Amino acid sequence: MAERQIKSRERVAERGEVFTAEREVNAMLDLVKQETERIDSRFLEPACGTGNFLVEILRRKLEVVRRQYQKQLGELELQTTIALSSIYGVDIMKDNVEECCQRLHGIVCNWYSEVHPLQKAPSQKLADTWSYLLHRNILWGDALTLREPVDAKATIIEKQNAKPITFSEWSFIRDMVIRKDYHLAALVQAQSASVPFVKNDQGGEVYLPPEPINEYRPIHYLKIATYYDTKH
């Protein structure tokens with residue numbers, strides 16, 4: 001079946017929406033191949049569409065997880081969750097965002113069943129954890145304004161008051177995870193500042209993020225969905 005690169009001519013005309021073909025996706029990702037094969041290396045696609053880039057990044061990370069942890073079920077589940085938590089996307093079309101989340105979730109669940117056929121499928125807690133992470137990391141937003149999209153007829157005040165895009169950073173300490181929330185605008189501003197790095201103990205440079213807008217206590221990673229649903 002031919003790759004689908006457009007959803008409709010109307011969307012191409014209105015938004016310039018054309019999805020990147022698989023060949024081009026792989027060629028571009030091969031330029032940073034080492035990073036795509038680091039399980040915890042974070043990626044953000046600011047116009048993710050239905051996830052062509054994110055799908056390939058996830059597949060590469062999962063292949064590393066399979067090679068290293070296939071015989072250790074508990075570690076495989078943890079490392080798969082870490083891989084998924086490192087993938088971020090933004091798209092201005094709400095249906096693309098939902099399709100991207102569903103697509104990535106389906107890929108990781110099917111992959112899990114193939115790697116561990118005796119398990120047949122991930123546990124409900126694990127599947128819910130993956131779903132929650134994806135819906136926190138793949139967001140509806142305008143990557144130009146760094147806010148949620150507003151109607152074209154919105155006033156200047158309404159545009160200025162649009163909800164900012166807010167991402168969660170997931171930091172794992174073994175099977176415990178710490179969530180910190182940041183406005184994307186603050187992250188972009190910090191990265192473009194004149195001195196965005198500090199020296200570590202080895203003399204290397206380390207990126208210094210802005211202060212988070214929210215920070216949560218450490219919890220077991222399989223409690224992500226149930227715990228945060230009562231918070232945000």
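For the structure, see preceding data.
As the structure is a computational prediction, the values presented were derived from the model and not from experiment. (Residues numbered from 1 in each chain as written. Predicted model: local features only at pLDDT ≥ 70, side-chain atom pairs only at ≥ 80, totals over all residues. Heavy atoms only, no water.)

**Digging into the pairing of strand β5 (residues 176–183)**
Filter applied, for reference: Pairing between two strands is assigned when DSSP locates at least 2 bridges connecting them. Elements are defined by DSSP. Helices are runs of H or I of four residues or more, strands are runs of E of two residues or more, and each kind is numbered from the N terminus.
Bridge count between strand β4 (residues 166–173) and β5: eight bridges; the pairing is antiparallel. Across the sheet, the residue bridging to Ile 173 is Met 176, located in β5. Note: β5 against strand β9 (residues 219–220), two bridges, orientation antiparallel. From the neighbouring strand, Met 176 faces β9, where its bridge partner is His 220.

**Section: the packing of aromatic side chains**
As a reminder of what qualifies: In summary, the pairing rule links any two rings of Phe, Tyr or Trp, Trp by its six-membered ring, whose centres are within 6.5 Å, and it sorts them by plane angle into stacked for under 30 degrees, edge-to-face for over 60 and tilted for everything else. Here the term buried applies to any residue with accessible area under 20% of the maximum for its type, exposed to any over 50%, and partly exposed to those in between, with areas from a 1.4 Å probe on protein chains only.
The final tally for this structure, using the stated rule, is two aromatic pairs. Between Tyr 88 and Phe 167, the ring centres sit 5.2 Å apart and the planes meet at 85°, which makes this aromatic pair edge-to-face. Taken together, the positions of Tyr 88 in strand β2 (residues 87–91) and Phe 167 in strand β4 put the pair 79 residues apart, joining distant regions of the chain. Taking the relative accessible area as the measure of exposure, Tyr 88 reaches 7% and is therefore buried. In this structure Phe 167 comes out as buried when scored by relative accessible area, which is 5%. Pairing Tyr 112 with Trp 130 gives two aromatic rings, centres 6.0 Å apart and planes at 70°, and the pair type is edge-to-face. Residue Tyr 112 is located in helix α6 (residues 94–115), and its partner Trp 130 is located in helix α7 (residues 124–137); the two are separated by 18 residues in the primary sequence. Trp 130 shares its class with Tyr 112; the two are buried.

**Structural notes on helix α2 (residues 22–29)**
Filter applied, for reference: This arc corresponds to the set of directions leading from the helix axis out to the C-beta atoms. A contact between two residues is defined here by any heavy atoms of the two lying within 4.5 Å.
Within the span of α2, buried status applies to Val 25, Asn 26 and Leu 29. Taken around the axis of α2, the buried residues stretch over an arc of 90°, which confines them to a single face. Buried-residue contacts for α2 involve α3 (33–36) and α4 (52–69).

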